[in-house]
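One-letter residues, chain by chain:
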Amino acid sequence: MTASQHQHPALAAADPELAALVGAEERLQAETLRLIPSENYVSAAVLEASGTVLQNKYSEGYPGRRYYEGQQNIDQVETLAVERAKAVFGVDHANVQPYSGSPANLAVYLAFAEPGDTVMGMALPMGGHLTHGWGVSATGKWFRGVQYGVRQDTGLIDFDQVRELALKERPKVIFCGGTALPRTIDFAAFGEIARESGAVLVADVAHIAGLIAGGAHPSPVPHVDVISTTTHKTLRGPRGAMLMSREEHAKALDKAVFPGLQGGPHNQTTAAIAVALREASQPSFRDYAHAVVANAKALAEALLARGFDLVSGGTDNHLILMDLTPKQVPGKIAAKALDRAGIVVNYNTVPYDPRKPFDPSGIRIGTPSLTSRGLRTEHMATVADWIDRAVAAAGTGDEQALTAIRAEVADLMTAFPAPGLPV
Ligand code: DSN
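Predicted model only: the values in this text are computed from it and were never measured.

Caption draft 1: Inspection of a nonpolar patch on the surface at higher detail. Taken together, the side chains of Tyr58, Tyr67 and Tyr68 present a nonpolar region at the surface, about 380 Å² in accessible area. Summarising the element assignment, tyrosine 68 is placed in the loop between strand E3 (65-66) and helix H5 (74-89). A relative accessible area of 32% means that tyrosine 68 is categorised as partly exposed.

Shown next, in the form of structure tokens:
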């Protein structure tokens, strides 16, 4: 019997083909070093909650105000998730129903803007997100997106540009936060600009929600109107999202999520969010969040020592953005070679990238997953060494070197089993 047949006996009996794929994915996740900064390993408890019969239930509406009967348990599940979110993040209001980050952000626009209005966010190639008004996204097609970036000399957000743009364009909504930002987000500076320009300020903290919950990144709460976050990145919950705010915005956000944008909430996900938030309120999660940052800083130092060029010169959080131009290996070739070496990353544009997004100059890495497995700062030199050797092997086409690294990675991973995976 394989581990997967043990774990999922009904699935293995009913659909061996699919069960085999799940088993293969379990092995892949167990044996490889996962450095994609937006990924993580959920606990067995979160995994169990997301695979429950709660998924059989329709519950359009909110606790106590549903359009379907039979909500005796579902109302309590959602209320638990909401109350835990409020406690963990210190907010008046939480909506735990958005299906994921993009729908959560769409709901924000629906709440505060009309089609054609000007909205503002960080440009995607600078480290923003598609839904922050980028042209190919509905948010850039249905609204007039104006975009800020980082300074070319420092790699840091250009607050002079943000202020100038906001005062000139008077956006209805300003998004801060992003997907490739290695430095602390200055929510206070954004708050001042949003107040000056009369915009609703939204902090998209999807990447750093777990760091905020664990006290390893400043909270946006006193400075912003709305917090949007996914729940599956550093927060280590299921794939889902939340919107949080002061009481004054509660109604607008709730109406935008349902009935504005979505139908029935995914109750199994709501349950798993509740479990993840309970985990995030424990002292051990504070240790985890600080360890994620300590690991990223140690890894950045080790990479700098090996001649890697890091955007902004390092990191304050969980994420490192590397420009591989000096190594003369394009990001995509490096990412694919690293994958063959058992190190999973994603290729990524770097600010002012002369190359195209589908074949950019950089790779993006992060420490949330390896920290969940228990790796600590003393292991980061080894990780940097593997990356260095794999990128060099990518340049010379040395497949044997990649195979050797893959074996070394699998060896270390065996000593650090990932949460939620069959051993
Ligand atoms: N796809 C996510 C990331 O990898 O950062 C953002 O939505």
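Back to the write-up after that little detour.
Caption draft 2: Highlighting the environment of threonine 396. Along the polypeptide, threonine 396 turns up in helix H16 (residues 380-396). Judged by relative accessible area, threonine 396 falls into the exposed class, the value being 66%. Separated by 159 residues in the primary sequence, threonine 396 and glycine 237 have C-alpha atoms spaced 40 Å apart.

Caption draft 3: Representation of unusual backbone geometry. Along the chain, phenylalanine 258 connects to proline 259 via a cis peptide bond; the corresponding omega equals 10°. Its location among the elements puts proline 259 in helix H11 (residues 250-261). A positive phi angle is found at arginine 236, which is not glycine, with a value near 65°. When you line up the elements, arginine 236 lands in the loop between strand E9 (226-230) and strand E10 (241-245). A positive phi angle, close to 55°, is found at glutamine 328, a residue other than glycine. Looking at the element boundaries, glutamine 328 is found in the loop between strand E12 (319-323) and helix H14 (331-340). For glutamine 328, a relative accessible area of 72% translates into the label exposed.

Caption draft 4: Main features of the side chain of serine 369. Positionally, serine 369 belongs in helix H15 (residues 368-372). For serine 369, a relative accessible area of 1% gives the class buried. At 3.1 Å, the side chain of serine 369 and the backbone oxygen of glutamate 39 are in polar contact. Sequence-distant contacts of serine 369, that is, excluding residues within four places in its chain, are made with Arg34, Glu39, Asn40 and Tyr41.

Caption draft 5: Seen up close, the site of the ligand. Near the ligand, the surroundings consist of Ser38, His129, Thr179, His207, Lys233 and Arg364. Residue histidine 207 places a side-chain N or O atom 2.7 Å away from an oxygen atom belonging to the ligand. Here arginine 364 contributes a side-chain N or O atom positioned 2.8 Å from an oxygen atom of the ligand. Against a free-state accessible area of 230 Å², the protein chains account for coverage of 63% of the ligand. A molecule is said to occupy a pocket when more than half its atoms come within 2 Å of that pocket's grid points, and by this definition the ligand occupies the second largest pocket.

Caption draft 6: Representation of the layout of surface pockets. Space inside the largest pocket adds up to approximately 940 Å³. Surrounding the largest pocket, 25 residues form its lining, Gln29, Val42, Leu47, Ser50 and Gly420 being those nearest its centre. For the lining of the largest pocket, the secondary structure elements donating two or more residues are helix H3 (16-31) and helix H4 (44-49). Residue composition of the lining of the largest pocket, by class: 9 nonpolar, 10 polar and 6 charged. Space inside the second largest pocket adds up to approximately 520 Å³.

Caption draft 7: Structural detail: the packing of aromatic side chains. One pass over the full model with this rule turns up 8 aromatic pairs. Relative to tyrosine 68, the ring of tyrosine 58 has its centre 5.2 Å away and its plane inclined at 10°; by these criteria the two rings are stacked. Of the two residues, tyrosine 58 sits in the loop between H4 and strand E2 (61-62) while tyrosine 68 sits in the loop between E3 and H5, which places them 10 residues apart along the sequence. Summarising the aromatic geometry, the rings of tyrosine 109 and phenylalanine 175 are spaced 5.3 Å apart at their centres and angled 35° between planes, so their arrangement reads as tilted. Of the two residues, tyrosine 109 sits in helix H6 (residues 101-112) while phenylalanine 175 sits in strand E7 (residues 173-176), which places them 66 residues apart along the sequence. Residue class for tyrosine 109 comes out buried when judged on its relative accessible area of 1%. Ring-pair connections join several aromatic residues into one group, and the members of that group are Tyr109, Phe143 and Phe175. A cation sits over an aromatic face here: arginine 236 above tyrosine 288, 4.0 Å from the ring centre.

Caption draft 8: Empty space enclosed by the protein, seen in detail. Applying the stated criterion across every chain yields a total of 1 cavity of 30 Å³ or more. If you add up the space inside the largest cavity, you get close to 60 Å³. If you go around the largest cavity, the residues you meet are Gly177, Gly178, Leu181, Ile185, Asp204, Val205, His207, Ile208, Asn317 and His318. Class assignment of the residues belonging to the lining of the largest cavity gives a composition of 4 nonpolar, 5 polar and 1 charged.

Caption draft 9: Up close: the packing of helix H13 (residues 283-305) against H16. At a minimum axis separation of 8 Å, H13 and H16 run at an interaxial angle of 45°. Here H16 runs oblique to H13, going by the angle between their axes. Considering only the axes of H13 and H16, their crossing is right-handed. On H16, the residues touching Asn295, Ala298, Leu299, Ala302 and Leu303 of H13 are Met380, Ala381, Val383, Ala384 and Ile387. Here the residues of the contact of H13 with H16 are counted per class, giving 9 nonpolar, 1 polar and no charged.

Caption draft 10: Representation of the pairing of E10. Most of E10 is tucked away, with 5 of its 5 residues classed as buried. Taking every second residue as pointing to the same face, both faces of E10 are buried, with Ala241, Leu243 and Ser245 on one and Met242 and Met244 on the other. For strand E4 (residues 93-95) and E10, the ladder comprises 3 bridges, and the chain directions are antiparallel. Each residue of the ladder has a partner; that of asparagine 95, found in E10, is leucine 243. In this structure, E9 lies alongside E10, joined through 5 bridges in antiparallel fashion.

What counts as what
- Residue positions are counted from 1 within each chain, in the order its sequence is given.
- The predicted origin of the model limits local features to residues at a pLDDT of at least 70 and limits the giving and counting of side-chain atom pairs to 80 or more, whereas totals for whole chains, interfaces and linings rest on all residues.
- With hydrogens and water excluded, all non-hydrogen atoms of the structure serve as input to the side-chain values.
- The patches reported here contain residues having more than 30% relative accessible area and no salt bridge. Joining distances are 9 Å for like charges and 5 Å for nonpolar side chains (Val, Leu, Ile, Met, Phe, Trp, Tyr).
- Accessibility throughout is a Shrake-Rupley quantity obtained with a 1.4 Å probe, and a residue counts as covered only by protein chains that appear here.
- Any carboxyl oxygen of Asp or Glu that lies within 4 Å of a side-chain nitrogen of Lys or Arg is treated as forming a salt bridge with it.
- The way it works is that DSSP assigns letters per residue, a run of H or I at least four long becomes a helix, a run of E at least two long becomes a strand, and they are numbered from the N terminus.
- Accessibility here uses a 1.4 Å probe with only protein chains present; expressed as a share of the type maximum, an area under 20% marks a residue as buried, one over 50% as exposed, and anything in between as partly exposed.
- We call two N or O atoms a polar contact when they sit within 3.5 Å, provided that within protein one can donate a hydrogen and the other can accept it, with sequence-adjacent residues counted only if both atoms are side-chain atoms.
- We call two residues contacting when some pair of their heavy atoms lies within 4.5 Å.
- When at least one non-hydrogen atom of a residue lies within 4 Å of a molecule or strand, that residue is treated as near it.
- Only protein atoms enter the 1 Å grid used here. Points where a 1.4 Å probe fits but cannot escape make up a cavity, open sets with protein on both sides within 12 Å along at least five of seven lines make up a pocket, and a residue lines them when an atom lies within 4 Å of a point.
- For this analysis, a molecule is said to be in a pocket or cavity if more than half of its atoms are within 2 Å of the grid points defining it.
- Grid points are joined across faces, edges and corners, and a volume is the space filled by probe spheres set on the points.
- In this count, Pro and Cys sit with the nonpolar residues alongside Ala, Val, Leu, Ile, Met, Phe, Trp and Tyr, while Asp, Glu, Lys and Arg are called charged and the others, Gly among them, polar.
- Only rings of Phe, Tyr and Trp enter the pairing, Trp through its six-membered ring, and a pair is recorded when the two centres are within 6.5 Å. The plane angle decides the type: under 30 degrees is stacked, over 60 is edge-to-face, the rest tilted.
- Think of it as a cone above the ring: NZ of Lys or CZ of Arg counts as a charge over the ring if it is within 6 Å of the ring centre and within 35 degrees of the ring normal.
- Axis lines are fitted through C-alpha atoms, for helices just across the contact stretch, and the angle between N-to-C directions can take any value from 0 to 180 degrees.
- Should an angle lie under 35 degrees it is considered roughly parallel, over 145 roughly antiparallel, and from 65 to 115 roughly perpendicular; all remaining angles are considered oblique.
- Note: crossing handedness is left-handed where the near helix turns anticlockwise from the far helix by less than a right angle, and right-handed where it turns clockwise.
- DSSP-based pairing: two strands are paired if at least 2 bridges between them are found.

None of the figures reported here should be taken as evidence of function without further support.
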